Amino acid sequence: MIVRPRPSWFGLLFARRGSLMPRIAGQLLFVYALSFAVVAAHGTLFHWKVTLTAAPFSLMGVSLAIFLGFRINASYDRYWEARKLWGGVLIETRNLARQALTVIAPAVRVVPGPADAEPTPAAPGDVEADVRAFVLGLAGFAVSMRNQLRVMPADSGLHALLPAALVARLPGLRHAPQGVGLWLGRQLQDWRAQERLQPALAMVMEQSLDRLMGLLGGCERIAGTPLPFTYSVILHRSAYCYCFLLPFGLVDSIGWMTPLVVGFVSYTFFALESLSDEIEEPFGVQPNDLALDAMVVGIESNLRELLGDPLPALPQPDENCLLR
Amino acid sequence: MIVRPRPSWFGLLFARRGSLMPRIAGQLLFVYALSFAVVAAHGTLFHWKVTLTAAPFSLMGVSLAIFLGFRINASYDRYWEARKLWGGVLIETRNLARQALTVIAPAVRVVPGPADAEPTPAAPGDVEADVRAFVLGLAGFAVSMRNQLRVMPADSGLHALLPAALVARLPGLRHAPQGVGLWLGRQLQDWRAQERLQPALAMVMEQSLDRLMGLLGGCERIAGTPLPFTYSVILHRSAYCYCFLLPFGLVDSIGWMTPLVVGFVSYTFFALESLSDEIEEPFGVQPNDLALDAMVVGIESNLRELLGDPLPALPQPDENCLLR
Amino acid sequence: MIVRPRPSWFGLLFARRGSLMPRIAGQLLFVYALSFAVVAAHGTLFHWKVTLTAAPFSLMGVSLAIFLGFRINASYDRYWEARKLWGGVLIETRNLARQALTVIAPAVRVVPGPADAEPTPAAPGDVEADVRAFVLGLAGFAVSMRNQLRVMPADSGLHALLPAALVARLPGLRHAPQGVGLWLGRQLQDWRAQERLQPALAMVMEQSLDRLMGLLGGCERIAGTPLPFTYSVILHRSAYCYCFLLPFGLVDSIGWMTPLVVGFVSYTFFALESLSDEIEEPFGVQPNDLALDAMVVGIESNLRELLGDPLPALPQPDENCLLR
Amino acid sequence: MIVRPRPSWFGLLFARRGSLMPRIAGQLLFVYALSFAVVAAHGTLFHWKVTLTAAPFSLMGVSLAIFLGFRINASYDRYWEARKLWGGVLIETRNLARQALTVIAPAVRVVPGPADAEPTPAAPGDVEADVRAFVLGLAGFAVSMRNQLRVMPADSGLHALLPAALVARLPGLRHAPQGVGLWLGRQLQDWRAQERLQPALAMVMEQSLDRLMGLLGGCERIAGTPLPFTYSVILHRSAYCYCFLLPFGLVDSIGWMTPLVVGFVSYTFFALESLSDEIEEPFGVQPNDLALDAMVVGIESNLRELLGDPLPALPQPDENCLLR
Amino acid sequence: MIVRPRPSWFGLLFARRGSLMPRIAGQLLFVYALSFAVVAAHGTLFHWKVTLTAAPFSLMGVSLAIFLGFRINASYDRYWEARKLWGGVLIETRNLARQALTVIAPAVRVVPGPADAEPTPAAPGDVEADVRAFVLGLAGFAVSMRNQLRVMPADSGLHALLPAALVARLPGLRHAPQGVGLWLGRQLQDWRAQERLQPALAMVMEQSLDRLMGLLGGCERIAGTPLPFTYSVILHRSAYCYCFLLPFGLVDSIGWMTPLVVGFVSYTFFALESLSDEIEEPFGVQPNDLALDAMVVGIESNLRELLGDPLPALPQPDENCLLR
C-alpha cells in the first residue's frame with residue numbers, strides 16, 4: 001500500500017512514487033514510436049494509404065469503455081472486500097480476546113467492589129497463562145493467514161505467538177491456519193471441560209471463532225478465484241488494438257499532434273489495466289496491494305495492549321512510501 | 001475455470017488458450033465476409049446504394065452499450081455470488097467439523113492439563129467413529145450438492161464419504177443433498193439424545209447446519225433462474241443487427257479498412273455476449289465456469305486434515321489450463 | 001418465467017417465443033409509418049422544412065441513456081431481490097422441517113445404535129401427526145404467500161396442506177399468510193408446553209420462523225412500492241419523443257435507410273422499457289415474471305420428500321416455454 | 001407515493017398527475033424564452049456573434065452525465081433503503097407480536113389437545129391485558145417513529161395505541177420513539193420478573209427489539225445526513241449553464257427547431273434533478289415520498305388482526321393518486 | 001457537514017457557502033489564463049500552429065469519464081459506509097443502554113403491577129450507580145472513537161463521561177477506544193459475577209458489545225486504507241492534461257467562446273476531483289466531512305434521556321452552515 005500525504009495539484013502532476021509509469025513504459029514507448037512513424041509516413045503503410053478517420057474510433061470506444069469500466073469496478077470490489085475481510089480479522093480477534101479476558105472464569109477472582117469502583121484492566125501479572133496463550137494465539141492465527149495467502153513458510157513469524165509444538169507441526173499441514181483454528185477451538189473445549197466457561201457464553205465465543213474462520217475462507221476465495229481469464233484477454237486485445245490503430249485515424253486531421261494524443265489515450269488505458277491487474281490480487285506484494293505485514297503487526301499490537309504487554313513497533317512506510 | 005500465469009502484455013495479445021475465438025468463429029467469419037462483399041460492391045445492394053453514414057451508429061451504440069453493460073454486470077454478479085456460496089460451503093463444513101471435534105463430548109476425554117500444555121489435534125485413532133462419519137458426511141454433502149447442480153448421478157463420488165445405506169438411497173431421491181442434510185441433522189439429534197451435545201452448543205451447530213442448507217438453496221436459485229430470456233433476445237438482436245449494418249455505414253469513409261474495424265467491433269461484442277452466456281450459468285462445465293470438482297476435493301482435503309487422515313491430491317489444471 | 005434451451009446465434013435472431021414483439025407492435029408500427037412519411041415528404045411538415053440534424057440527437061442520447069440504464073438496473077434489482085426472497089422461503093421451510101423432524105422429541109424414540117449405524121430418514125409411518133401437520137403447514141405458508149402476492153383467493157390450493165378449520169378462516173383475514181404464521185407459532189408453543197422442545201432449540205426454531213415471516217414482509221414491500229411513478233413518466237416521454245423526432249434528424253443524410261435505423265433504435269428502446277415494466281412487478285403472471293406456481297410446488301416437493309410422502313409432479317413449461 | 005394503474009403508452013405521454021411539470025415550469029419557460037430570443041437574434045448578443053457549435057456540448061455532456069447518473073442512483077438508494085427500513089418495522093413488529101402471543105406464558109393455559117386439533121388464534125377475550133398493551137404498543141412505536149421523522153407532534157395519533165401516562169410524557173422527550181422502546185423493554189423485564197418469559201426466549205425477543213430500534217436508527221441516519229450539499233451545487237450549476245448555453249450552440253445548424261430540442265434536453269435534466277431532490281429525503285410529504293401514514297395504518301392493521309380486533313380502514317389514494 | 005435549507009433553483013446558481021470555488025480557484029485561473037492566451041495567439045505556440053480539433057477530445061473523454069465515475073462512486077461509498085458505521089454506534093449504544101436499564105437485576109426491584117399499569121422509565125434517583133456509569137461509559141466510548149479517528153487527545157471531552165481513573169489511563173494507550181471497550185466488558189463480567197445478569201441475557205449484551213467494537217474496527221479500516229494512491233495519480237493527470245490541451249482543440253471552431261467552455265469543463269472536473277478527495281476521508285474536518293462532534297453529542301443526548309438526566313444542547317450549524 002502506498003501511504004503518502006497527498007501532494008498539491010501541481011506536485012501531483014509530476015509525482016514519481018506511486019506512479020505506474022515504470023511498469024507500462026515498454027508499451028508506451030512502442031505506441032509512441034509507432035505514432036511518430038505513422039505521422040512521418042503520412043499514414044501510408046508500404047505505399048498504401050490507411051484510410052481510417054476518427055469516426056470508427058468513437059464507435060469502438062463504446063465497447064472498450066464498457067470493458068474497462070467493468071474491469072476496474074470488479075477489481076476494486078475484490079480489493080475492498082479483501083480489506084474488509086482483514087478488517088474483520090482485527091475485529092474478531094479483538095472480540096475474542098476481550099471475551100477471553102472477561103468471560104473465562106479466572107483462577108483469582110476479582111472481588112466485586114461497590115458499584116462506582118470501576119474494574120481495572122488486568123496488569124500483566126493478572127492474566128492467567130492459558131488465557132494469555134489463547135490471546136497471543138489469535139495474533140498467531142492472523143500471522144498464519146498471512147503466510148498462507150502470501151505463500152510464505154507456514155511457521156514464519158509465529159515463534160513468539162504460538163506454542164512451540166504447534167509451530168513445529170504447521171509446516172507439515174496443507175491448511176495451516178485451519179490447524180491454528182482447531183487449536184483455538186480445543187482451548188475453548190478445555191475451558192468448558194474445566195467449567196470455567198458457561199455454555200451460553202461458550203456459544204458467543206464459538207460464534208466469534210466461526211466468523212474468524214469464515215474470514216479466512218473469504219480470503220481463500222479471493223486468492224483462489226481470479227476474474228475470468230477470458231475477460232482479461234478480451235479487454236487486453238481490445239485496448240491494445242485500439243491504441244495501435246489510433247494513429248492512423250488521427251494523422252490526417254491533427255498531424256504532428258498525433259503522438260501526444262495517442263500517448264495520452266494509451267497512458268490512461270494501459271495504466272488502468274495495469275492497476276486493475278495489481279489490485280485484482282490484493283494479497284500480493286506489489287505497491288498497491290494490501291499491507292498485510294503491517295496489518296498483522298497492528299493486530300498483535302491491539303492484542304498485546306489488552307494483555308498489558310509492551311507493544312511492538314508499528315511498521316512505517318519505506319523511502320518509496322510503501323507499506324507491505 | 002482457466003488457471004494460468006498471466007502472460008506478458010505482448011503474449012496476451014496472441015494467447016490461444018482461454019480465448020473464446022473458437023466459439024465465435026462462425027459469426028465472425030460471416031461478418032468478415034459480409035464486410036468484404038460490401039466494400040467490393042461499394043455499398044450497393046442489388047444496384048441500390050445503401051445510404052448509411054457513421055452518425056446513426058453512434059446513436060445506436062448508446063442503447064447497445066446499456067444492454068451490454070447491464071448483461072455483463074448481471075452475469076458476473078451471478079458468477080461471483082455462486083462462488084461466494086461455494087466459499088461458504090467450505091467455511092460452514094469446516095466450522096461444523098471443528099465443532100464436531102471439540103464440542104461433542106468424546107468417549108475418551110482429553111484430561112485438561114496445565115494451562116501451557118497446548119491441546120493436541122487428535123491423531124486418527126483419537127476421533128470416534130460417529131464424529132468421523134459426521135465430518136466425512138460434510139464432505140459428502142458438498143459432493144452431493146455438486147452432483148445436483150451438474151446433473152450428475154446422485155451417488156457419484158460418494159462411496160468413500162457417506163455410509164453405504166445412505167448412498168444407496170440417494171439415487172431414489174429427487175432432492176438428494178437435502179437427504180444428506182437430514183442425515184446430518186439426525187446425527188446431531190443422536191448426540192443430543194446421548195447427552196454428548198449440550199443444548200446451547202447444539203444451537204450453534206444447528207445454526208451452522210441451517211446456513212449450510214441455505215447455501216444449497218442459494219445455488220439452486222442461481223441454477224434454476226436464468227436472466228430473463230427476453231433480455232438475451234433483445235441484446236442478441238441489437239448486437240448482431242448493429243454488426244451486420246455497420247459495413248454499410250463505414251464503407252464510404254474508410255473503404256478497405258472497413259473489414260478491420262467491423263471485425264474489431266464484432267469481436268468485442270460477440271466475445272462479450274458469449275462470455276456472459278458462459279458465466280451466467282456458473283455451475284456448468286464450460287471453460288470459464290466454476291471448478292466445482294476442484295472445490296469439492298479442496299473441501300474434502302480440509303476436512304480430512306482435521307481428522308488427521310491422508311490427504312487427497314488436489315486437482316491441477318489440465319494441458320489447456322482448465323480446472324473443472 | 002420463460003424456460004427454453006438457448007437457440008444458436010442464428011436461431012436467436014428469429015426467436016418468436018420469448019420475444020416482446022407483440023406487446024410493442026403498435027408503437028413500432030406507428031414509428032415506422034411516421035418514418036416513411038417523413039422520408040416521402042423529404043422532412044417537410046406542411047410545406048415547412050424541419051431543420052434537424054443528427055447532432056442534437058447525440059446530445060439527447062446522453063440523458064436518455066442515463067434514464068434507461070437506471071430503470072433497467074432498478075427493475076432487475078427488484079426482480080432478483082424477489083427471487084432471493086422466494087429462494088429464502090425454500091431455505092427456511094426446509095430448515096424448519098428438518099428441525100421439526102430432528103429436534104422435536106418424538107413419541108417413539110429412535111434408539112441410538114452404534115456410531116456406524118446411520119440414522120434412517122423416517123418412513124411415512126414414523127412421523128408423528130403433529131410434526132407432519134407442521135411440515136405440511138410450512139408448504140401451506142408458501143402457498144398462502146403466493147395467494148396474497150398474486151391476489152388469488154386466500155384458500156386456493158391449501159386444502160391438502162393446512163387443517164380444514166384454518167383454511168376456512170383464511171378468506172376472512174386481511175393478512176392471511178400472517179394467520180398461517182401465527183398458527184405455526186402456536187404449534188411451537190404447544191411443543192414447548194408439552195416439553196418436547198427444549199428452550200435453546202425453541203430459540204433456533206423461533207428465529208427461523210422470524211426469518212420466514214421476514215421474507216413475507218420483504219415480498220409485500222416489493223409488491224406494494226413500485227418505482228417512483230414520475231420516473232416512468234419522464235423516461236417514457238423522453239424515449240418516445242426521441243423516437244418521434246429521430247426521422248427528421250436522419251432523413252437528410254441517410255434518406256430511405258431512415259425507417260430501418262429508426263425502427264432499430266425504437267425497437268431497443270421500446271422493448272427495454274416494456275421488459276422493465278414487466279419485471280418491475282415480479283409477482284405478476286406476465287411471461288418474464290417469477291414462476292411462483294412452480295416454486296410453490298417445488299417447496300411442497302421438498303417438504304414431502306422429507307416426510308417420505310409420494311411427491312407431486314413438478315410443473316413443466318407449456319408449449320410457449322412459459323412456467324407460471 | 002403516487003399509486004395509479006399504468007396508462008397505455010399513449011396515455012402516459014400526456015399524464016398530468018404524477019408529472020413534475022408544475023415544479024419545473026418556471027425554469028422551463030425561462031429556457032424556452034431564451035431559446036426563442038437566441039433564434040430571433042440569429043445567435044448574436046449585443047451585436048456580437050456567439051460562435052458556439054454543437055461539438056463542445058458533447059464534451060460537456062460527458063461530465064454532466066456522470067454527475068446526473070451519480071445523483072439519481074444515490075438518491076434512489078436512499079429512497080429504497082428507507083423503504084426497506086420501514087418494511088423491516090412491519091416485519092419486526094409482526095414478529096414481536098407473534099412472540100408475545102405464543103411465547104409469554106398465558107394466565108389461562110391452552111390445554112394441548114391431540115396433534116390434529118390445530119390451535120386456534122386467540123379470540124379478543126383470550127389475550128391478556130398486558131400482552132394486548134404490548135402488541136398495540138408496537139404499533140405505537142411505528143406511529144412515534146413517523147411523528148419523529150415527519151416532525152409532527154410527538155403524541156399525534158398515539159392515544160388509541162399507548163397508555164395515557166406514556167403518551168402524556170412523549171411531548172416532553174427529545175427522542176420520543178426511544179422512550180416508547182424503553183417502555184417495551186420494561187414490559188419484557190416485567191414478564192421475566194413474573195417468570196412468564198423464559199431466558200432463552202427472552203433473548204429472541206430482546207434481539208427483535210434491538211433490531212426494531214436499529215431500524216429507527218437507520219431512518220434517523222437517512223433523515224439527518226443529506227447527500228453532500230456541494231454535490232447538489234456542482235450538479236445544479238453544470239446542468240443549468242449547459243441548458244442556458246445550448247441555444248447558442250444549436251441555432252446555426254437547426255434554426256427554428258432550437259427551442260424544441262433545448263426544451264427536450266432541459267425537461268429531462270430539470271425533471272431528473274427535481275425528482276432526485278424529492279426522493280433524496282424520502283420521509284417528506286412530497287408526491288414521490290414514502291407513504292408513511294399508510295404504512296403506519298398497515299402495521300396497525302396487521303397487529304390488530306393478530307389480536308382479533310376490528311381492523312382499521314386502509315388508506316386509499318386521493319383524487320390526485322397520492323398516498324401520503 | 002454543510003446543513004442549510006436548499007435555495008431556489010436561481011439562488012443555487014450563486015450559492016457561495018457550500019461551494020468549492022475557493023479551493024479550486026488557483027487551478028481555474030490558470031486554465032482561464034491559458035485559454036485567453038491560446039485564443040489571442042490563434043492556437044499557435046512559438047509560431048507553430050497546434051493542429052488539434054475537437055475529435056480527439058471526445059475519444060479522451062471516454063477514459064476520463066470512466067475514471068471520474070469510478071472515483072466519485074468509490075469515494076461516496078466510503079463516505080456513506082462511514083456514516084452507516086456511526087449510525088450503528090448510535091444504535092448499539094442505545095440498545096446496550098436499554099438492556100442495562102431493563103436486564104440488569106436492580107437493587108430496588110420494580111414491583112410488577114396489574115397489566116394495564118405501564119412501567120415507568122426510571123427517574124434519575126432510580127438508576128443504580130454502576131448501571132449509570134455503564135450507560136455514560138457508552139457515550140464515552142463514542143467520544144473516544146471520535147478522538148481516535150480525528151487524532152485528538154485521547155482524553156478530550158471524556159471527563160464527564162468516564163471514571164477519572166480510566167480517563168487518566170487513556171492517553172497512555174495506543175488503542176484507547178479498545179481500552180474503553182474492555183472496561184465495558186469488565187462491567188458485564190462484574191454483573192455476571194454478582195448474579196445480576198443471567199447467562200442468556202449476558203449473551204445478548206456481549207453480542208451487542210461485539211457489534212459496537214466491530215463498528216470501531218470498520219471506522220479504523222476506512223481511516224487507515226485510502227483509495228489506491230495510483231488511482232488518484234492517473235485521474236489527476238488525465239483530467240488536468242485534458243483541460244490544458246482543450247483550448248487548442250476548440251480555438252479554431254469557437255474562437256473567443258473558448259475560455260467559457262474550457263472554464264465550464266474545468267470547473268466540473270476540478271470540483272468533482274476536489275470533492276471526491278474531501279469525502280474520501282470522511283472523518284476529517286473539511287466542510288463536507290461527517291459531523292462527528294455533533295453525532296457524539298447526539299449519542300450522549302440519547303443516553304442521558306434514557307437515564308432521565310438533563311440533556312446537553314445539540315450543536316447547531318455555524319454562520320457558514322457548517323456542522324463539525
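Below is a summary of the structure that appears in this document. Since the structure is predicted, the reported quantities are computational estimates derived from the model, not experimental observations.

## Thoughts on the overall build of chain A
On a plain count of helices and strands, chain A comes out with 10 helices and 2 strands. Relative to the compact-globule value of 20 Å for 324 residues, chain A shows a C-alpha radius of gyration of 28 Å, a clear excess of over 25%. The C-alpha extent of chain A, read off along each of the three principal axes, is 95 × 40 × 35 Å. Within chain A, the proportion of its 324 residues that are buried is 65%. A sequence separation of at least 24 residues applies to 76% of the contacts in chain A between residues at least 6 apart. Of the roughly 10,900 Å² that chain A leaves accessible, carbon and sulfur atoms contribute 63%. Of the charged side chains in chain A, 26 are positive and 27 negative; the average position of the first set lies 5 Å away from that of the second.

## Focus: the interface of chain A and chain E
Every contact between the two is made by 82 residues of chain A and, on the other side, 78 residues of chain E. In total, chain A and chain E occlude about 7,100 Å² of area from one another, counting both sides; carbon and sulfur atoms represent 66% of this. The three residues of chain A that bury the most area against chain E are Trp 9, Arg 98 and Phe 264 of chain A, which together make up 10% of that side's buried surface. Scanning the region where chain A abuts chain E turns up 3 salt bridges. Put simply, Glu 220 of chain E and Arg 94 of chain A hold a salt bridge, and the shortest N to O gap is 3.0 Å. Inspection of the chain A/chain E interface yields 18 residue pairs in polar contact (both at pLDDT 80 or more). When residues of the side of chain A that touches chain E are traced back to their parent elements, those giving at least two are α1 (9-13), α3 (55-103), α7 (199-224), α8 (229-254), α9 (258-280) and α10 (292-307) of chain A. It is α3 of chain A that contributes the most residues to the side of chain A that touches chain E, 22 residues altogether.

## Remarks on the side chain of Arg 196 of chain A
Residue and element names in this part refer to chain A. If you trace the backbone, Arg 196 turns up in the loop between α6 (176-193) and α7. Taking relative accessible area as the criterion, Arg 196 reaches 16% and is therefore assigned buried. Filtering out sequence-adjacent residues up to four positions away, Arg 196 remains in contact with Val 103, Ile 104, Ala 105, Glu 128, Asp 130, Val 131 and Trp 191.

Scoring rules and cut-offs
Residues numbered from 1 in each chain as written. Chains lettered and ligands numbered in written order. Predicted model: local features only at pLDDT ≥ 70, side-chain atom pairs only at ≥ 80, totals over all residues. Heavy atoms only, no water. Helix = DSSP H or I, 4+ residues; strand = E, 2+ residues; numbered from the N terminus. Rg over C-alpha atoms; globule rule 2.2 N^0.38 Å. Buried < 20%, exposed > 50% of the residue type's maximum accessible area, 1.4 Å probe, protein only. Contact = heavy atoms within 4.5 Å. Areas by Shrake-Rupley, 256 points an atom, 1.4 Å probe, with all protein chains shown as cover. Lys, Arg positive; Asp, Glu negative; His and termini not counted. Charge placed at Lys NZ, Arg CZ, Asp CG, Glu CD. Buried area = accessible area lost by both parts, 1.4 Å probe. Salt bridge = Lys/Arg side-chain N within 4 Å of Asp/Glu carboxyl O. Polar contact = N/O pair within 3.5 Å; in protein donor to acceptor, adjacent residues only side chain to side chain.

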